[in-house]
Amino acid sequence: KEEGWFTNRRKGILFTVIGALFSSTASVSIKLAEQVVPVLQVLWFKFLVMFVLVGSQMIYYKQTIEADGRLFYLFIRSCFENIAMSLVLFAVMYLPVGEATVVMFFSMSLFMVLMAAVFLKESLTCKIYIALILGLVGVFLLANPEEIIVDRTFSVARMYGLGAGVGHGLFRALSSIMVRKLGDEVQSSVVIFYHSVYGLSIFTVLILLGMLYSFLIGDYMFSEAFFIRIEDDFLLALCLSIGVLMFICQSFATRGTQICDSSIVATVRNVSIVFSFVYQVVVFGEMPNFYAAIGTAFIGTAIALIVTDK
């Protein structure tokens, strides 16, 4: 229940921040896993674990999978989310984790605010506009503008990463709009259940088709581009952890989107960039520069403005 200071908006902000933390952690696991494991197999593991976890949760709490005639929205939302999550793998494959996150969330913030105003008719206060601008400035600074504009030449691989990041932002924004269309009546566990079922079905079929094709052409090594036998315990645990992390991320992020305005969620999700740069230092040993520190301060200020907005 909504009581006192801890309103639905602030609950939504808190859930969004928690979801962003687990999303950033999952991105690190994905970047480590996809160096050895095929991309389709990584996604297959993710959806398998999510399906087991959300199914167990629904059985324990005796929840049903009824969607009150909203299967169309659930299906479309799942398609958008699956495309977005597939593009994450390509973004972190061709770009550093921190920079890939910058591109993805910069794009998602812009698309979500635009779509929320057009399709959901959400009104924005002056404080939210200021927070959005500060957040976008912070994202731009985190991207290290001096290096991008002055020093860097854009390789083909880098362009793939940037394109995948922008595409992720677009489809993630569309997914969030679908969650808002579903409304608060559909439980977040039901949304995640259909998302995992659709995703698991799609990537199982893709892997089977790829292995069948390799059998027909007689090139069995080609099948390893779709599925391999994982004998290393750590690598297997890493793949399984992606599903666990994304299940937690989806649980909090979906609920946060349901009870909070899309434009606010879009801005708060930029905190994922800060988490990603922390992981970039701790896990990959890549130190952020002066621009990253200033950009982090801008994003923190933006979130503080949103939390205190009436």
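All of these numbers come straight from a predicted model, not from anything done at the bench.

Student: Explain the overall build of the protein here, please?
Tutor: Each helix and strand in the protein was counted, giving 12 helices and 0 strands. For the protein, buried positions account for 51% of its 310 residues. The contacts in the protein between residues at least 6 apart in sequence include a share of 90% that link residues at least 24 apart. Surface exposure of the protein reaches about 14500 Å², of which carbon and sulfur atoms provide 69%.

Student: Just to check I follow, could you spell out helix 11 (residues 271-282) for this structure?
Tutor: The terminal C-alpha atoms of helix 11, which comprises 12 residues, lie 17 Å apart, in line with the 16 Å expected from a rise of 1.5 Å per residue. Val-271, Ser-272, Ile-273, Val-274, Ser-276, Phe-277 and Gln-280 are the residues of helix 11 that are buried.

Student: Looking at this model, I keep getting lost on unusual backbone geometry. Mind explaining?
Tutor: When glycine is set aside, most residues are seen to have a negative phi, and most peptide bonds are trans. Phi at Lys-62 is positive, roughly 55°, even though this residue is not glycine. Turning to its location among the elements, Lys-62 is positioned in the loop between helix 2 (39-60) and helix 3 (71-94). Using a relative accessible area of 76% as the deciding quantity, one classes Lys-62 as exposed.

Student: Where do I start with a nonpolar patch on the surface in this structure?
Tutor: Together, Ile-202, Val-205, Leu-206, Leu-209, Leu-212, Tyr-213, Phe-215, Leu-216, Ile-217 and Tyr-220 give the surface a local cluster of nonpolar side chains, amounting to about 1000 Å² of exposed area. For Phe-215, the position within the fold is in helix 8 (residues 188-216).

Student: Just checking my understanding: could you explain the side chain of Lys-46 for this structure?
Tutor: Counting through the fold element by element, Lys-46 comes out in helix 2. In this structure, Lys-46 is buried with no salt-bridge partner, the nearest side chain bearing the opposite charge being Glu-81 at 6.3 Å. Setting aside residues no more than four positions away along its own chain, Lys-46 makes contact with Met-85, His-195, Ile-242, Gly-243 and Met-246.

Student: What should I look at first to understand the packing of aromatic side chains in this one?
Tutor: Aromatic ring pairs are described here by two measures, namely the spacing of the ring centres and the angle between the planes. Taken as a whole, this structure holds 12 aromatic pairs when the rule is applied. Measuring from ring centre to ring centre gives 5.8 Å for Phe-15 and Phe-252, while their planes differ by 55°; the resulting arrangement is tilted. With a gap of 237 residues between them, Phe-15 in helix 1 (residues 8-33) and Phe-252 in helix 9 (residues 233-259) connect regions that are remote in the sequence. Considering the side-chain rings of Trp-44 and Phe-45, the 5.4 Å spacing of their centres and the 75° angle between planes classify their relative orientation as edge-to-face. The residues Trp-44 and Phe-45 share a single accessibility class, namely buried. Connected via pairs of aromatic rings, a cluster forms that spans Phe-51, Phe-75, Phe-193, Tyr-194 and Tyr-198. The ring of Phe-47 has Lys-46 lying over it, and the distance from NZ or CZ to the ring centre is 4.1 Å.

Student: Hey, could you run me through the environment of Cys-260 in this one?
Tutor: Take Cys-260: it is sitting in the loop between helix 9 and helix 10 (262-268). Along the sequence, Cys-260 and Phe-15 sit 245 residues apart, while their C-alpha atoms lie 9.8 Å from each other. Not counting residues up to four positions away in its chain, the partners in contact with Cys-260 are Arg-9, Gly-12, Arg-180 and Val-265.

Student: What exactly am I supposed to notice about the packing of helix 8 against helix 9 here?
Tutor: How two helices sit against one another is set out by the angle between their axes and by the gap between those axes. Two elements in contact, helix 8 and helix 9, have axes separated by 9 Å at closest approach and are oriented at 130°. Viewed along their axes, helix 8 and helix 9 adopt a mutual orientation that is oblique. Judged by the sense of rotation from one axis to the other, the crossing of helix 8 with helix 9 is right-handed. Facing helix 8, whose interface residues are Ser-188, Val-191, Ile-192 and His-195, helix 9 presents Phe-247, Gln-250, Ser-251, Thr-254, Arg-255 and Gln-258.

Student: What is the right way to look at the pattern of salt bridges in this model?
Tutor: Any two side chains of opposite charge can pair, given that their charged atoms come close. Under the counting rule described, the total for this entry stands at 3 salt bridges. Here Arg-77 and Glu-81 are joined by a salt bridge, their closest N and O atoms 3.9 Å apart. Pair noted here: Arg-77 and Glu-81 are both in helix 3, with a separation of 4 residues, about one helical turn. In this structure, Arg-77 and Glu-81 share a single accessibility class: buried. Judged by relative accessible area, Glu-81 falls into the buried class, the value being 1%. One network of salt bridges, with partners in common, ties together Arg-77, Glu-81 and Arg-172.

Student: Help me out: how do you make sense of the packing of helix 3 against helix 8 in this one?
Tutor: Interaxial distance between helix 3 and helix 8 falls to 9 Å at its minimum, and their mutual angle equals 60°. The angle between helix 3 and helix 8 places the two elements in the oblique class. By crossing handedness, the relation of helix 3 to helix 8 is classed as right-handed. Residues Leu-71, Leu-74, Phe-75, Arg-77, Ser-78, Glu-81, Asn-82 and Ser-86 of helix 3 pack against Val-190, Val-191, Tyr-194, His-195, Tyr-198, Gly-199, Ile-202 and Phe-203 of helix 8. Considered class by class, the residues forming the contact of helix 3 with helix 8 number 9 nonpolar, 5 polar and 2 charged.

Criteria and cut-off values
Residues numbered from 1 in each chain as written. Predicted model: local features only at pLDDT ≥ 70, side-chain atom pairs only at ≥ 80, totals over all residues. Heavy atoms only, no water. Helix = DSSP H or I, 4+ residues; strand = E, 2+ residues; numbered from the N terminus. Buried < 20%, exposed > 50% of the residue type's maximum accessible area, 1.4 Å probe, protein only. Contact = heavy atoms within 4.5 Å. Areas by Shrake-Rupley, 256 points an atom, 1.4 Å probe, with all protein chains shown as cover. Expected span 1.5 Å × (residues − 1). Patch = residues over 30% accessible without salt bridge, like charges linked within 9 Å, V, L, I, M, F, W, Y side chains within 5 Å. Salt bridge = Lys/Arg side-chain N within 4 Å of Asp/Glu carboxyl O. Lys, Arg positive; Asp, Glu negative; His and termini not counted. Phe/Tyr/Trp six-rings, centres within 6.5 Å; stacked < 30°, edge-to-face > 60°. Lys NZ or Arg CZ within 6 Å of the ring centre and 35° of its normal. Axes fitted to C-alpha atoms, helices over the stretch in contact; angles between N-to-C directions. Parallel < 35°, antiparallel > 145°, perpendicular 65-115°, else oblique. Left-handed = near helix turned anticlockwise from the far one by under 90°. Nonpolar A, V, L, I, M, F, W, Y, C, P; charged D, E, K, R; others polar.

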